[in-house]
There are 2 protein chains.
Amino acid sequence: MTDRTNHQVRLAARPHGEPKPGDWAHTSEPVPEPADGELLVRLSHLSLDPAMRGWMNEGRSYIPPVEVNDVMRAAGIGEVVASRHPKFSVGDHVSGVFGVQEYAISDGRGVLAVDLSQVPAPTYLSALGLTGMTAYFGLFDVGAFSDGETVLVSGAAGAVGNMVGQLARLKGGTVVGIAGGPEKCRWLTEEMGFDAALDYREKGLGRRLHQAVPDGVDVFFDNVGGPVLDAGLGALRRGARVVICGAISQYNNLDRPVGPANYLRLLVERARMEGFVIFDYQPRYPEAQSQIAEWLRAGEITSKEHVVHGGVHDFPDTLLKLFRGENTGKLVLALGSEESA
Amino acid sequence: MTDRTNHQVRLAARPHGEPKPGDWAHTSEPVPEPADGELLVRLSHLSLDPAMRGWMNEGRSYIPPVEVNDVMRAAGIGEVVASRHPKFSVGDHVSGVFGVQEYAISDGRGVLAVDLSQVPAPTYLSALGLTGMTAYFGLFDVGAFSDGETVLVSGAAGAVGNMVGQLARLKGGTVVGIAGGPEKCRWLTEEMGFDAALDYREKGLGRRLHQAVPDGVDVFFDNVGGPVLDAGLGALRRGARVVICGAISQYNNLDRPVGPANYLRLLVERARMEGFVIFDYQPRYPEAQSQIAEWLRAGEITSKEHVVHGGVHDFPDTLLKLFRGENTGKLVLALGSEESA
């Protein structure tokens, strides 16, 4: 086993703004042997998420930052190739936070068995993974969505965004998405069942939003921040809930994120804006997973993934797709044959 | 009766930024006679409130704007000097929204009898008026304050702010105020029982706040907005509630209010920020009033008023005290003998 090489991507420096090639180090080391109580996983799929940008920053947040020189944190799917862990056997497929590398040693904490004969690996990272959990608890718990309400979601063509829209539609909601570019907007309305989709790159987002939902929205699920957040705040209806899930437009801001100048709409509309961290819902993941799995099987929702094939060395470039709006659905890096063994 | 003159202050133009003398018109007209079902009130005290600035702006808000050429809206206390209303008699003292004028005709809607032998008129506009209602429902309902929690309040030397602090102290809370200048801060800690008070005019508010409440705050009651709001967001504890009561630092902003760049602390701390409009609590005013009256009688809280003596023509200058931080406690204009009859 030790004649195999584990290629890794490590954080080399804390980025200023968008992560640059020099912020990463590509390292390799012999694939380690699992100690007693450990398992060795060969990764097949990596989850790429906007939250990763935050993990690269110093300072307290909802999760400790990735330290410089550490392997970059990432959720993934892989196959157990060696095990001295009582719960896992060679050949098992598992999900967990294994990092941006080809092989990972784990003590089994946070590792779950997955059944790839039932569900493709990318879907485990998407609808059945943190993406689905985030959409589900963000919309239903934090957003307190009631059947039939009107939902506005930004980053609507992204992983969480399009799932939020689908869940709200499923529950009889009217769903308006905000996304970048006519192609994504068309996809949202024609394929994802959104009632309307607005391109934030075009002028007059606030005006167009008002035309699309003249009576305002009950829930605004924001993944984007910046001017999009302001536009959404301008469209709140009395008693609305704004779910702060992320702020992808702001993550690479060199200075400080731009705050929502329109926040006094919260006062006028007696509305609330609330943040959440999905890890708090861990005890309730099974509830959401079985519900989402059922909807997937019934064809009531679809898990949309944007799969890029490559090696772990492609991680840095692939990650940038998120910040450039180049993905539609969940961004997954499928580790293929082109990587060196 | 018609040989008496009613002096009035009307909105002459919608102000840009801080209201200027030219934004007001000083008018006079004969004191009118009440028609059937009406009463005539001679005003003795006017309530001056930060919200007045918002009422002067065009456009939809939680209450219709004051129209140009209309008498400026204001709550007040006065004496009934003529009545053809079944509920009110000459000599009664009443509170209501009578406007910035010496005499007001009313149909009795929203008019309440007050007992000046028990409670001085300014207190009816302060602890027992909308000021007290705002502090009470903002802290206990919107802020969901629990006994013993830590509360941060901005505009702490203002009418609502110092009442919020007193109510939280009364319930065993730790209270930190933010105010402008060492004198107000001293007053808060030495006379109002605040645990700490920070002067926002001094540098390093965020750092000093962190020193004052290293474990963070459970409720942040914000009357100020701008950099003070950002500093408070930086001090939130897990699960905190931010009550958006007002934004006096922003009301005169020529362009757009400054948004809280620190709003992503809501996400990190799983916190919520919520606005409210006190009028929604009207059905529950009696509950708050009897509770506050009891605390006042028991000496557990005090109603602090900043009374300016003058005529209605002094209203425009007096109002500016609010935006310049020149008041401590509730700002009241007591209409005295210097006004012309």
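Keep in mind that what you see is a predicted model, and the values were worked out from it rather than measured.

A. Molecular detail of the overall build of chain A. Along the backbone of chain A there are ten helices and 15 strands. Over its C-alpha trace chain A gives a radius of gyration of 20 Å, about what one expects of a compact globule, namely 20 Å for 341 residues. Within chain A, the fraction of its 341 residues that count as buried is 52%.

B. Main features of the domain arrangement of chain A. Residue and element names in this part refer to chain A. Looking at the assigned domains, one finds that chain A contains domain 1 (5-126 + 304-335) and domain 2 (130-279). Domain 1 and domain 2 are separated by 28 Å when their C-alpha centres are compared. Only helix H1 (51-55), helix H10 (315-323) and strand E15 (330-335) provide two or more residues apiece to the side of domain 1 that touches domain 2. Class assignment for the residues of the side of domain 1 that touches domain 2 results in seven nonpolar, eight polar and four charged.

C. Broad picture of the relation of the copies chain A and chain B. Its rotation angle being 180°, the transformation that places chain A on chain B also includes 0.0 Å of axial translation and leaves an RMSD of 0.1 Å. Here the symmetry operator amounts to a two-fold rotation axis. Considering only C-alpha atoms, the residue of chain A closest to the rotation axis is Gly259 of chain A, which sits at 2.2 Å. Most of the interface of chain A is mirrored in chain B: 100% of its interface residues are interface residues there too.

D. Representation of helix H3 (residues 130-142) of chain A within the structure. All names here are of chain A. For H3, spanning 13 residues, the distance from its first C-alpha to its last is only 16 Å, which falls clearly below the expected 18 Å at 1.5 Å a residue. Extensive coverage of H3 is indicated by the burial of eleven of its 13 residues. Of the residues making up H3, those classed as buried are Leu130, Thr131, Gly132, Met133, Thr134, Ala135, Tyr136, Phe137, Gly138, Leu139 and Val142. Trailing H3 by a residue or two, Ala144 shows a phi angle of about 50°, which is positive.

E. Looking closely at the confidence of the model for chain A. Across chain A, the average pLDDT comes to 94, with 97% of residues at or above 70. Among the prediction metrics, the complex's ipTM stands at 0.90, with pTM recorded as 0.92.

F. Main features of the pairing of strand E8 (residues 150-154) of chain B. Residues and elements named next belong to chain B. Counting buried positions along E8 gives five out of five residues, so the element sits mostly inside the fold. Judged from the five bridges that link them, E8 and strand E9 (residues 174-179) form a sheet pairing that is parallel. Bridging across to E9, Leu152 finds its partner in Val176. The handedness of the E8 to E9 crossover, carried by helix H4 (residues 159-170), is right-handed.

G. Representation of the interface of chain A and chain B in the model. Counting from both sides, the interface comprises 25 residues of chain A and, opposite them, 25 residues of chain B. Those elements that place two or more of their residues in the side of chain A that touches chain B are helix H8 (265-268) and strand E13 (272-275) of chain A. No other element matches the four residues that E13 of chain A contributes to the side of chain A that touches chain B. Partitioned by chemical class, the residues of the side of chain A that touches chain B number 16 nonpolar, four polar and five charged.

H. Representation of the sheet that holds strand E12 (residues 236-244) of chain B. Here twelve strands make up an open sheet; going across it, the order is E10(A)-E9(A)-E8(A)-E11(A)-E12(A)-E13(A)-E13(B)-E12(B)-E11(B)-E8(B)-E9(B)-E10(B) and the pairing mixed. Each edge of the open sheet carries a strand with a single partner, namely strand E10 (196-199) of chain A together with strand E10 (196-199) of chain B. Within this sheet the neighbouring strands show an average axis-to-axis angle of 15°, counted without direction. Sheet analysis places E8 of chain B next to strand E11 (residues 217-222) of chain B, joined by three bridges and oriented parallel. When the sheet's bridge partners are listed, Val151 of chain B is paired in E11 of chain B with Val219 of chain B.

I. Focus on the pairing of E10 of chain A. Residue and element names in this part refer to chain A. Sheet topology note: the strand E9 (residues 174-179)/E10 ladder contains four bridges and is parallel. Residue pairing for E10: Gly177 is matched across the bridge by Ala197. On the question of chirality, the crossover connecting E9 to the parallel E10 by way of helix H5 (residues 182-190) is right-handed.

J. Summary view of helix H10 (residues 315-323) of chain B. Residues and elements named next belong to chain B. Of the residues making up H10, those classed as buried are Phe315, Leu319 and Leu322. Each buried residue of H10 lies within a common arc of 35° when the element is viewed along its axis, so the set occupies one face. Those residues of H10 that are buried lie in contact with strand E1 (5-11), strand E3 (39-48), helix H1 (51-55) and strand E15 (330-335). Directly beyond the C-terminal end of H10, a positive phi value near 65° is found at Gly325.

Rules used in this analysis
- Residues numbered from 1 in each chain as written.
- Chains lettered and ligands numbered in written order.
- Predicted model: local features only at pLDDT ≥ 70, side-chain atom pairs only at ≥ 80, totals over all residues.
- Helix = DSSP H or I, 4+ residues; strand = E, 2+ residues; numbered from the N terminus.
- Rg over C-alpha atoms; globule rule 2.2 N^0.38 Å.
- Buried ≥ 20, exposed ≤ 12 C-beta atoms within 10 Å, placed from the backbone.
- Domains from an automatic or database assignment.
- Nonpolar A, V, L, I, M, F, W, Y, C, P; charged D, E, K, R; others polar.
- Least-squares fit on C-alpha atoms with pLDDT ≥ 70 in both.
- Contact = placed C-beta atoms within 7 Å.
- Expected span 1.5 Å × (residues − 1).
- pLDDT = per-residue confidence, 0-100.
- Pairing = 2+ DSSP bridges.
- Right-handed = clockwise from strand over helix to strand, strands pointing away.
- Axes fitted to C-alpha atoms, helices over the stretch in contact; angles between N-to-C directions.
- Arc of directions from axis to C-beta.

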